[in-house]
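# Fold and geometry: a report
Residue-level listing of the chains:
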Protein chains: 2
Amino acid sequence: MKYKKITNEDLLYFKNIFGEERVISENEIKSEYAHDELGTVFNYPEVLVKATHKKEISALMKYANLHKIPVTVRGSGTGLVGACVPIYGGVLLDLTLMNKIIELDKTNLTLTVEPGVLIMDIYEYVLKEDLFYGPDPGEKSATIGGTVSTNAGGMRAVKYGVTRDWVRGLEVVLASGEIIKLGGKVVKNASGYSLKDLLIGSEGTLGIVTEIILKLTVKPVKMISLLAPFNSKEEAILAAPKLISNHVIPTAVEFFLNDSLLYSERYLGKKLPHNNYPAYLLLSYDGYHEEVVDKDVRKASEMLINEFNAIDVFLIDTEERRKAIWSVRDGFLEAIKLSTTLIDECDVVLPRAKINEFLTYVDNLSSELKVRIPYFGHLGDGNLHIYFCKDDLDEKKWQETLKRGFLKLYDKAASFGGLVSGEHGIGFAKKEYLKNQLKSEQLTIMRAIKKAFDPHEILNPGKVI
Amino acid sequence: MKYKKITNEDLLYFKNIFGEERVISENEIKSEYAHDELGTVFNYPEVLVKATHKKEISALMKYANLHKIPVTVRGSGTGLVGACVPIYGGVLLDLTLMNKIIELDKTNLTLTVEPGVLIMDIYEYVLKEDLFYGPDPGEKSATIGGTVSTNAGGMRAVKYGVTRDWVRGLEVVLASGEIIKLGGKVVKNASGYSLKDLLIGSEGTLGIVTEIILKLTVKPVKMISLLAPFNSKEEAILAAPKLISNHVIPTAVEFFLNDSLLYSERYLGKKLPHNNYPAYLLLSYDGYHEEVVDKDVRKASEMLINEFNAIDVFLIDTEERRKAIWSVRDGFLEAIKLSTTLIDECDVVLPRAKINEFLTYVDNLSSELKVRIPYFGHLGDGNLHIYFCKDDLDEKKWQETLKRGFLKLYDKAASFGGLVSGEHGIGFAKKEYLKNQLKSEQLTIMRAIKKAFDPHEILNPGKVI
């Protein structure tokens, strides 16, 4: 692809749109804007602009489309596949200043927000109104726009689904600068092809989301978590689908091994009540009636011990304990990162019934490739997070190991009916693996869809497909 | 569009693929294959073929794509927008023989089915296993493929969502005859553009669905319905969003006026305990604990009477009563059809807060246009079914009234943030109204998407866009 390099004339134009202080160029651009949380995909934009209104974005896109300047959108930069890294330079469009909550509509149970609102701010805002937003991605400082762009999932997907299930409507600036609205406050929609669903998960390659209408629901009155240690990972993993199908649906079913726990305890300086068993399940139950949540939890505890060989069940029923244990869980990624020199991640999603077989394969691969591969996972929805750790490997060996290991992992997952990404997306880092998995007809259709939205391929070029 | 007319040579080719007895042509084609439940969109196919396997469909499409022969897919033909009517002739591909339930996977909680399975057979099959399929479209003799193609909603959308929310994976024969798989048994997916979501609701214009992986959940143990009469439609309508946001989510919130009730009682020869009040809400609550459902229902009853001015609340807690009252509700469409010479339907969906204002507009429009317009609706999700009745209008006057009335209704709905179709789709009958509502950029993108999937426009041509 041939893109126009940004000149002083372009910068002047951008300053007219955004104002002097929201156009940052060359040496003034901080290095954080050259990468995301993954770190390994790295490139500086030619110019960083910070938008505060869709009209600015529309004006930017009209100009960029005319002059063939690439535009990459960025929220908090918490992604793990390099999706927001401007690999062709051009404009990096930061949306974090567009962080207004526009409207809470209590009759329609919707919340209309700008894309730069952090998801933790959304939780807090709606909880105060006794309302609830279902998706719960691990990274609470992600922007809602970022979670829409990757169809983020998170812990509560077992019961509450993923971001897609909670987006009722979108306002989108197209590559041409035109502004369209998709969906709305309505609950049902059978009005032509669902462009809304196409935009969700498209990682900034089809359009720029400038407003999001979220579905809300009534806040559950009680939530209890359970921590259950097991003597083997196989037993822990087998318990999950049985709990889900023989009982009420849990809110979350997280799985981890002793190593993740120890890394995280060390990282946070916190201790869990259990930390010396091989494998753990961390479950949550919630509901609209206290007595029923208690009953569900009692039944789950009995099943865990009597039927599924859990060694013990530790009830987490105070807010303080809940925060403590979930902060340990939320700390896994950071803790694993700190345990090594560099990581790369595989965010594979599998049918729940195939997890055990797959993780045995991962363990064997770790021995075969002589690389440390810690993992944990959203067991309730079959989404695993698997980390290759560089440790003391030299760069060449690391790259070889990564490539060989990832190809094997994704091939194995595909043979089990799994997919390349459950929730972190494709971005730049997983492009080749998606390409390997899809049939050429699917890729051709996806490329034609990209062309339909963005004929000059200026929106986040080089990503997804 | 110029399509090839079907010759004897083509028929021979089709007989080679499908066998002599599953290729029906010319006068042997029954008139039911020339229309759907709407009736007003009417055209015979040149040939009707009945598929039993995806390989046959793949072979058909390869040939049709080469020779530019239109192919229109049909399930039970229960649609209301003419989507399965072969308006350009060509091949009508009947999938009702592909009615096998392929696999119930209890570990992953999925059901894999062929597209011709009737939704009532799916309910029955999974209930026997204590499992549950959420969507509940009114027409139980629809095929699952038909409900996927229109993203059907139904009564339980308030709590359980629509068909889209329950489709985990699709197998699709493309216009080229290639077979692709989208999604799978996995719960999460962030692996490239969601072609699965694009196929859902595309009414047979992008591909032919040959296998569907449905999500299941655990069967609720108890369901109770409530019938609440009101002195005015305004009060009934106001109660719905308050019930939803101040209490647990009901499974269904249906709304109707006295007229629909009387038509349906007459049609079924059944009486309801109440039938002489102006307006009614029919609510359902379900759950996994009997005592909790009882509690929810008690609270809803109290709120209905004390806060929302319901005249009475009639509890429907036996299976016999439940069947009786819901059969009256399910009979509305047929009953309204029988009350007149011809109907046409508006399946508009609105933000819940706008229903009252919209229905007042409908009532005024009825007076203004001097046409009877009965309606009822899924109040919980803002989806209304509004019927223009021809009664004794002559054809010319009827067409004028329809056109004027529909344009006004859809314009009004759009001004409230509503959409053309909540669950019945666009098909042929609502194409112009969708076109009116969408911006030209959206139409251009939708047309490019159609071209990406179906370059020769042979799949259900003349529909949706």
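Residues numbered from 1 in each chain as written. Chains lettered and ligands numbered in written order. Predicted model: local features only at pLDDT ≥ 70, side-chain atom pairs only at ≥ 80, totals over all residues. Heavy atoms only, no water.

Turning next to the overall build of chain A. Looking only at helices and strands, chain A features 15 helices and 18 strands. For chain A, whose C-alpha radius of gyration is 23 Å, the value lies close to the compact-globule estimate of 23 Å for 465 residues. Across its three principal axes, chain A shows a C-alpha extent of roughly 70 × 60 × 45 Å. A total of 465 residues make up chain A; the buried ones form 63% of that total. Carbon and sulfur atoms provide 50% of the accessible area of chain A, an area that totals close to 17,000 Å². If you average the places of the 59 positive and of the 63 negative side-chain charges in chain A, the two averages end up 3 Å apart. (Helix = DSSP H or I, 4+ residues; strand = E, 2+ residues; numbered from the N terminus. Rg over C-alpha atoms; globule rule 2.2 N^0.38 Å. Buried < 20%, exposed > 50% of the residue type's maximum accessible area, 1.4 Å probe, protein only. Areas by Shrake-Rupley, 256 points an atom, 1.4 Å probe, with all protein chains shown as cover. Lys, Arg positive; Asp, Glu negative; His and termini not counted. Charge placed at Lys NZ, Arg CZ, Asp CG, Glu CD.)

Here we take up the pairing of strand β4 (residues 91-94) of chain B. Every other side chain in a regular strand lies on the same face of the sheet, so the side chains alternate between the two faces. Residue and element names in this part refer to chain B. Of the two faces of β4, both are covered, the one formed by Val91 and Leu93 as well as the one formed by Leu92 and Asp94. In terms of strand pairing, strand β2 (residues 47-50) meets β4 through four bridges, oriented parallel. Looking at β4, one finds that Lys50 is bridged to Asp94. Note: strand β3 (residues 71-74) against β4, four bridges, orientation parallel. (Pairing = 2+ DSSP bridges.)

What follows concerns the relation of the copies chain B and chain A. Note on the identical chains: chain B maps onto chain A by a rotation of 180 degrees and an axial translation of 0.0 Å, with an RMSD of 0.0 Å. Interpreted geometrically, this transformation is the action of a two-fold axis. Counting the interface residues of chain B, we find that 100% of their copies in chain A are interface residues as well, pointing to one common contact surface. (Least-squares fit on C-alpha atoms with pLDDT ≥ 70 in both. Contact = heavy atoms within 4.5 Å.)

What follows covers the domain arrangement of chain A. Residues and elements named next belong to chain A. Parsing chain A into structural domains produces domain 1 (8-97), domain 2 (101-218), domain 3 (222-333) and domain 4 (340-429). Computed over C-alpha atoms, the centres of domain 1 and domain 2 are 22 Å apart. At the interface, 18 residues of domain 1 touch 19 residues of domain 2. At the junction of domain 1 and domain 2, the tally comes to one salt bridge. Glu171 is the partner of Lys54 in a salt bridge, and the nearest nitrogen-oxygen pair spans 2.8 Å. Run the count over domain 1 and domain 2 and you get three residue pairs in polar contact (both at pLDDT 80 or more). Secondary-structure elements contributing two or more residues to the side of domain 1 that touches domain 2 are α2 (54-67) and β3 (71-74). (Domains from an automatic or database assignment. Salt bridge = Lys/Arg side-chain N within 4 Å of Asp/Glu carboxyl O. Polar contact = N/O pair within 3.5 Å; in protein donor to acceptor, adjacent residues only side chain to side chain.)

Moving on to the nonpolar core. Judged by nonpolar contacts, the single largest core of 193 residues is most densely connected at Leu304(A), Phe358(A), Ile449(A), Leu304(B), Phe358(B) and Ile449(B). Setting aside residues no more than four positions away along its own chain, Ile449(B) makes contact with Tyr193(A), Leu195(A), Leu198(A), Ile449(A), Phe453(A), Leu198(B) and Leu206(B). (Core = buried A, V, L, I, M, F, W, Y, C linked by side-chain atoms within 4.5 Å.)

Residues and elements named next belong to chain B. The residue His274 is located in the loop between α8 (258-268) and β14 (279-287) in this model. Overall, His274 belongs to the buried group, its relative accessible area being 10%. Sequence separation between His274 and Ile445 is 171 residues; the distance between their C-alpha atoms is 50 Å. Among all residues touching His274, those that are not within four sequence positions of it are Leu227, Pro229, Leu261, Glu265, Tyr280, Asp312 and Phe314.

Here we take up the interface of chain B and chain A. Taken together, the 82 residues of chain B in the interface contact 83 residues of chain A. Interface of chain B and chain A: buried area, both sides summed, is about 6,500 Å²; carbon and sulfur atoms make up 64% of it. On inspection of chain B and its partner chain A, the count reaches eight salt bridges. With a shortest N-O distance of 2.7 Å, Lys188(A) and Glu423(B) are connected by a salt bridge. Taken together, the elements giving at least two residues each to the side of chain B that touches chain A come down to β9 (179-183), α6 (195-199), β11 (217-218), α7 (233-245), α9 (290-307) and α15 (440-453) of chain B. Sort the elements by how many residues they give to the side of chain B that touches chain A and α15(B) lands first, with nine residues. Residues that form the side of chain B that touches chain A fall into these classes: 37 nonpolar, 27 polar and 18 charged. (Buried area = accessible area lost by both parts, 1.4 Å probe. Nonpolar A, V, L, I, M, F, W, Y, C, P; charged D, E, K, R; others polar.)

Residues and elements named next belong to chain B. A positive phi is found at Asn309, a non-glycine position, where the angle reads about 65 degrees. Take Asn309: its relative accessible area is 45%, and that puts it in the partly exposed class. For Glu457, which is not a glycine, the phi torsion comes out positive at approximately 50 degrees. Overall, Glu457 belongs to the partly exposed group, its relative accessible area being 23%.

Residues and elements named next belong to chain B. Strand order in the open sheet formed by seven strands is β15-β12-β14-β13-β17-β18-β16, with antiparallel pairing between adjacent strands. If you trace the sheet from one side to the other, it starts and ends with β15 (314-316) and β16 (343-346), each paired once. For this sheet, the mean angle separating the axes of adjacent strands, direction not counted, is 20 degrees. Against the sheet, helix α12 (residues 355-369) engages β13 (252-257), β17 (375-378) and β18 (383-389), with an angle of about 5 degrees to β18. Taken strand by strand, helix α13 (residues 395-415) contacts β16 and β18, and its axis lies near 10 degrees from that of β16. (Axes fitted to C-alpha atoms, helices over the stretch in contact; angles between N-to-C directions.)

All names here are of chain A. Packing of helix α12 (residues 355-369) against helix α13 (residues 395-415) brings their axes to within 11 Å, and their N-to-C directions diverge by 160 degrees. By the criterion of interaxial angle, the relationship of α12 to α13 is roughly antiparallel. As α12 runs across α13, the sense of the crossing is right-handed. Only Thr401, Arg404, Gly405, Lys408, Leu409, Lys412 and Ala413 of α13 make contact with α12, whose side of the interface consists of Phe358, Tyr361, Val362, Leu365, Glu368 and Leu369. A class-by-class count of the residues in the contact of α12 with α13 yields seven nonpolar, two polar and four charged. (Parallel < 35°, antiparallel > 145°, perpendicular 65-115°, else oblique. Left-handed = near helix turned anticlockwise from the far one by under 90°.)

Before going further, it helps to spend a moment on the side chain of Lys222(A). Residue and element names in this part refer to chain A. Tracing the chain through its elements places Lys222 in strand β12 (residues 222-230). Of the polar contacts made by the side chain of Lys222, one reaches the side chain of Asp294; its length is 3.1 Å. Leave out the neighbours within four places in its chain, and Lys222 touches Tyr285, Asp286, Gly287, Glu290, Val293 and Asp294.

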